[in-house]
Amino acid sequence: MFRTNTATLLSHSLRHHNHVLIVHVRTKKTHWSLIKKKIHPKDKALEHFDDFYGSVFGKRWKSLRLALLSPHKYIAVVNNFGDSEKVSQELEWLGAMNIRKVVEANQQKAKELTSENNIQELDKKIKKLLLSDENKSDTKKENVEYVEKASLHESLLEAEHDESRLIDPEANSNIGGLYQFIPATELHGKSEWIPESQHYQYYEENSDFPINILNEESPLNIPSQLQVFTFDRGDFSPFPHPRSGASKVSDYYLMDGGSILPVFALDLKFGDRVLDMCSAPGGKALATLQTLLPESLVCNDIQESRIKKIHNVMSEYISDYQSWGSRLMFTQINARHINEPDVYNKILVDVPCTNDRHSLENNENNMFKPTRAKERLQLPEIQADILKTALMNIAVGGTVVYSTCSLSPIQNDGVVKMALKKIWEETNHQIVVKDLTKQFEPLKSLYSFGKGLKFGQMVMPFLPLNYGPLYLCKLVRVK
Amino acid sequence: MKSFRTCHLCHCFKIIASKNMSVSVDGSNVVPEHLSNLAKQLNVKSPVLSKVVNNHQEKLKFYPESRWLVLFEYLTQYDFKTSELLEMIDSNPDILGINRQDLQKCMIAWTNFSFDDKKLRQLIVSQPSCLLLNDKEILSRIPKLLSYVGNKQNRLLELISYSPNILFDNWKYIESKLDYILLNMELGPTQFVTTSVMSSTLFDLKCRHTFLIKLGMYKPRDPKANPNQITGNPSLKKIIETSDKQFAVKVAGVTAEEFFVFKKIFKKQLDEENDEDSDEPEYYSDDD
């Protein structure tokens with residue numbers, strides 16, 4: 001009876017689904033207990049983050065962890081080389097909001113608030129003046145003015161020996177000071193067992209060179225042609241798959257919400273010459289092109305396969321990009337070896353990083369594969385080198401935006417500091433770090449920004465606003 | 001039937017309420033004659049009886065006095081006190097609808113499992129709905145449940161007193177919940193019998209458990225560690241016997257908004273998974 005039953009069942013299922021019968025052979029590798037035991041790069045990444053970020057972020061880490069392990073939110077960049085007006089209209093009907101409109105509304109609100117405050121302040125001042133005849137100079141602005149600080153060579157000329165810092169080799173005390181961090185060139189044996197939270201300690205305070213940090217005063221300006229859509233806080237409706245319209249190009253490009261911020265931070269103007277040093281897969285480059293502002297954009301990446309990815313994206317969104325000539329160029333050089341000083345006035349440095357969200361989601365192309373341990377530990381060095389190259393090449397007055405999609409303070413503020421130090425030691429360039437806190441104020445309803453960073457801004461993953469992680473730092477060369 | 005959700009706490013409240021009742025009622029109302037007769041026959045205080053009758057006038061008027069007599073007569077054989085019986089009727093008047101034959105079968109089925117007499121009585125007093133089951137249901141359900149609590153009679157009684165719905169719900173559903181607790185949450189019977197986890201939905205349980213896992217607050221047991229070692233995981237009681245807001249803020253230590261958003265996403269994910277699996281039809285037939 002059993003046999004007849006199974007026979008009918010089989011024929012039944014075959015008739016309906018046209019299944020190909022796959023007979024699973026249990027081999028050593030497919031045995032469930034082995035599969036269960038296997039530690040994937042994802043698990044390694046999680047373990048590493050638990051240890052490292054747990055010590056960096058403390059109690060906030062679990063909230064970040066939750067957001068990182070949940071599906072993230074996308075934003076849609078409308079393709080201006082297609083039927084952009086119709087697409088924007090459709091996205092609005094879906095309930096998405098245009099980021100520019102949100103920003104403008106917030107700026108308007110802030111203006112009204114400040115004007116009210118100004119009136120109140122004026123009232124107070126008048127009262128004060130009336131009460132006391134003395135005109136005190138309390139109202140002096142506490143704005144930090146830019147003070148030119150000498151480079152290493154210049155300051156060395158005037159430097160005196162600091163006797164107090166000489167270490168007597170005879171004395172056993174203070175010997176620890178000699179063991180400053182020296183980056184490892186090779187790794188042996190138990191390299192993976194070094195918890196990176198210990199590694200992190202090396203990067204803490206030793207600020208013995210001048211860093212200029214200035215507040216960015218100008219308000220956030222989103223290029224008028226750039227249409228970016230997203231859904232409201234806590235709204236997880238998906239964007240439908242972008243279709244290709246009448247002009248055979250896709251309607252909009254979907255990317256992580258954080259990735260648009262470096263493009264905002266570049267503050268693109270008409271006629272800019274832009275370099276994207278590590279461009280693949282080309283999302284930020286495409287967003288840059290969507291502003292219709294730059295005179296030329298050069299996309300660089302290190303591998304041919306990655307260049308191909310950029311080509312794929314471009315061909316999907318711009319039908320005639322190959323005939324653009326010098327407006328859109330592709331190069332394949334190691335970003336550390338680029339040497340074209342004073343050509344570009346905007347450089348986007350989106351460096352390779354541990355790519356936190358990707359590392360937790362995918363086992364493929366994962367930085368936490370045991371075979372890539374060396375590469376991973378070298379990341380900060382490489383990142384600092386690339387940023388240094390960018391700062392060397394940028395034209396005077398130009399802007400470099402450094403960005404990563406990692407939460408690690410080493411790869412973020414740490415690298416910026418290392419690069420600035422190298423620039424200070426090796427060149428006469430004057431670099432100013434622009435603090436974007438004030439400029440990004442209108443975006444606060446859309447992103448959850450991290451606090452307590454020294455140089456840059458960080459988009460923290462937070463479940464209702466599940467973007468990022470994305471770190472960015474704006475650097476301007478003034479001399 | 002799924003709405004019976006009472007536990008010891010409610011039971012205590014009931015006792016307190018009934019005591020107050022008896023004090024407040026004294027002398028204030030004139031008890032109708034037929035009730036005082038019935039009270040005499042049942043050997044209970046007439047004001048208490050009238051209070052119970054007043055509480056459930058709508059339902060009780062369908063049951064003749066003979067039903068009261070049968071119930072009292074039969075259950076006093078099992079050492080139930082008359083005050084306890086009144087309390088049971090007060091909490092679930094439907095038990096008067098059971099005829100003598102069914103009652104007999106039901107009690108025989110219950111006593112068949114050699115539970116501790118006193119504890120069984122306590123259970124039935126606190127969860128009178130136990131009497132509404134027919135004997136076949138009891139005889140098939142109890143052994144299945146016993147196997148999940150390590151064949152400990154007392155544990156099972158405790159579990160039922162917290163969530164009597166395990167006697168009534170679809171067995172497949174109950175089984176999936178028990179499996180989830182034992183296999184996915186890696187909890188033993190001692191940890192879940194003293195909670196009302198079985199009366200919560202599987203979705204809530206999964207959702208809260210997954211939430212804690214993603215926060216890194218609920219870690220799987222190390223298979224090589226000592227099984228008696230205390231894990232740092234929050235207790236099941238805290239996980240399940242809290243409101244959404246309390247759970248998010250007090251237990252998980254994050255904002256309520258995050259949990260609400262997570263719940264939404266989790267529901268969507270489960271729905272999508274179910275859509276994918278819908279090739280194989282699911283059978284929701286009762287086991288009995």
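For clarity, every value in this text was computed on a predicted model and none was experimentally measured. (Residues numbered from 1 in each chain as written. Chains lettered and ligands numbered in written order. Predicted model: local features only at pLDDT ≥ 70, side-chain atom pairs only at ≥ 80, totals over all residues. Heavy atoms only, no water.)

> In this structure, what is going on with the overall build of chain A? I would like to understand it.
Summing up its helical and strand segments, chain A has 14 helices and 13 strands in all. Among the 479 residues that make up chain A, the fraction classed as buried is 45%. At a minimum sequence separation of 6, the contacts of chain A that also span at least 24 residues come to 79%. For chain A, the computed accessible surface area is about 27300 Å², with 53% contributed by carbon and sulfur atoms. (Helix = DSSP H or I, 4+ residues; strand = E, 2+ residues; numbered from the N terminus. Buried < 20%, exposed > 50% of the residue type's maximum accessible area, 1.4 Å probe, protein only. Contact = heavy atoms within 4.5 Å. Areas by Shrake-Rupley, 256 points an atom, 1.4 Å probe, with all protein chains shown as cover.)

> Explain the pattern of salt bridges here, please?
Working definition: two side chains of opposite charge can pair if their charged atoms are close together. Residue and element names in this part refer to chain A. Under the criterion given, the structure shown has 23 salt bridges over all chains. A salt bridge links Arg243 to Asp251, with the nearest nitrogen and oxygen atoms 3.9 Å apart. The class of Arg243 is exposed, set by a relative accessible area of 51%. On the basis of relative accessibility, which here comes to 8%, the residue Asp251 falls in the buried class. A salt bridge links Glu375 to Arg372; the shortest N-O distance between them is 3.0 Å. A residue is classified by how much of its surface remains accessible, and Arg372, at 18% relative accessible area, is buried. (Salt bridge = Lys/Arg side-chain N within 4 Å of Asp/Glu carboxyl O.)

> Which parts of the structure should I look at to understand the interface of chain A and chain B?
The partner chain B presents 18 residues to the 14 residues of chain A that form the contact. Between chain A and chain B, a total of about 1400 Å² is buried, with carbon and sulfur atoms accounting for 60% of that surface. The largest share of the area that chain A buries against chain B comes from Lys62, Leu66 and Leu463 of chain A, three residues that together contribute 37% of it. For the pair chain A and chain B, the number of links is one salt bridge. The closest approach of N and O atoms between Arg233 of chain A and Glu257 of chain B, which form a salt bridge, is 2.7 Å. Of the residues contributing to the side of chain A that touches chain B, the split by class is eight nonpolar, three polar and three charged. (Buried area = accessible area lost by both parts, 1.4 Å probe. Nonpolar A, V, L, I, M, F, W, Y, C, P; charged D, E, K, R; others polar.)

> Which parts of the structure should I look at to understand the sheet that holds strand β5 (residues 252-256) of chain A?
Read across the open sheet, the four strands follow the order β2-β4-β1-β5 (chain A); overall the sheet is antiparallel. Only two strands of the sheet have a single neighbouring strand rather than two, namely β2 (97-98) and β5 of chain A. (Pairing = 2+ DSSP bridges.)

> Which parts of the structure should I look at to understand the nonpolar core?
In a soluble, globular protein the nonpolar side chains are often hidden away together inside. Grouped together as the largest cluster of nonpolar side chains are 87 residues, with contacts concentrated most on Trp68, Trp110, Leu131 and Ile142 of chain B. No other element matches the seven residues that helix α16 (residues 256-277) of chain B contributes to this core. Two domains each put at least three residues into this core: domain 1 (10-22 + 35-97) and domain 2 (189-288) of chain B. In terms of nonpolar packing, the next biggest core, distinct from the first, is built from 52 residues, Trp61, Leu64, Tyr344 and Leu420 of chain A among them. (Core = buried A, V, L, I, M, F, W, Y, C linked by side-chain atoms within 4.5 Å. Domains from an automatic or database assignment.)

> What is the right way to read a negative patch on the surface from this model?
On the surface, Asp271, Glu272, Glu273, Asp275, Glu276 and Asp277 of chain B cluster together into a negatively charged patch. When you line up the elements, Asp277 of chain B lands in helix α16. (Patch = residues over 30% accessible without salt bridge, like charges linked within 9 Å, V, L, I, M, F, W, Y side chains within 5 Å. Lys, Arg positive; Asp, Glu negative; His and termini not counted. Charge placed at Lys NZ, Arg CZ, Asp CG, Glu CD.)

> How should I be thinking about the environment of Thr389 of chain A in this particular structure?
Residue and element names in this part refer to chain A. Tracing the backbone shows Thr389 in helix α13 (residues 373-393). Residue Thr389 is classed as buried on the basis of its relative accessible area of 7%. Remark: the alpha-carbon pair of Thr389 and Thr27, spanning 362 residues in sequence, is separated by 51 Å. Not counting the four nearest positions on each side in its chain, Thr389 is found in contact with Met277, Ala335, Arg336 and Ile338. Of the polar contacts made by the side chain of Thr389, one reaches the backbone oxygen of Arg336; its length is 3.5 Å. A polar contact is formed between the side chain of Thr389 and the backbone oxygen of Asp385, at a distance of 2.6 Å. (Polar contact = N/O pair within 3.5 Å; in protein donor to acceptor, adjacent residues only side chain to side chain.)

> How do you make sense of the environment of Asp356 of chain A when you look at a structure like this?
Residue and element names in this part refer to chain A. Looking at where Asp356 falls in the secondary structure, it is placed in helix α12 (residues 356-361). For Asp356, the contacting residues outside a window of four places in its chain are Phe49, Tyr53, Cys405, Ser406, Leu407, Ser408 and Pro469. Among the polar contacts made by the side chain of Asp356, one reaches the side chain of Tyr53 at a distance of 2.7 Å.

> Sorry if this is basic, but what is going on with the UniProt feature "active site" (unreviewed entry) in chain A here?
Residue and element names in this part refer to chain A. Following the UniProt record, the feature "active site" (unreviewed entry) maps to Cys405 here. In this structure Cys405 comes out as partly exposed when scored by relative accessible area, which is 22%. In contact with Cys405, not counting residues within four places along its chain, are Cys353, Asn355, Asp356, Pro469 and Leu470. (UniProt positions renumbered as here; feature names shortened; annotations may be inferred.)

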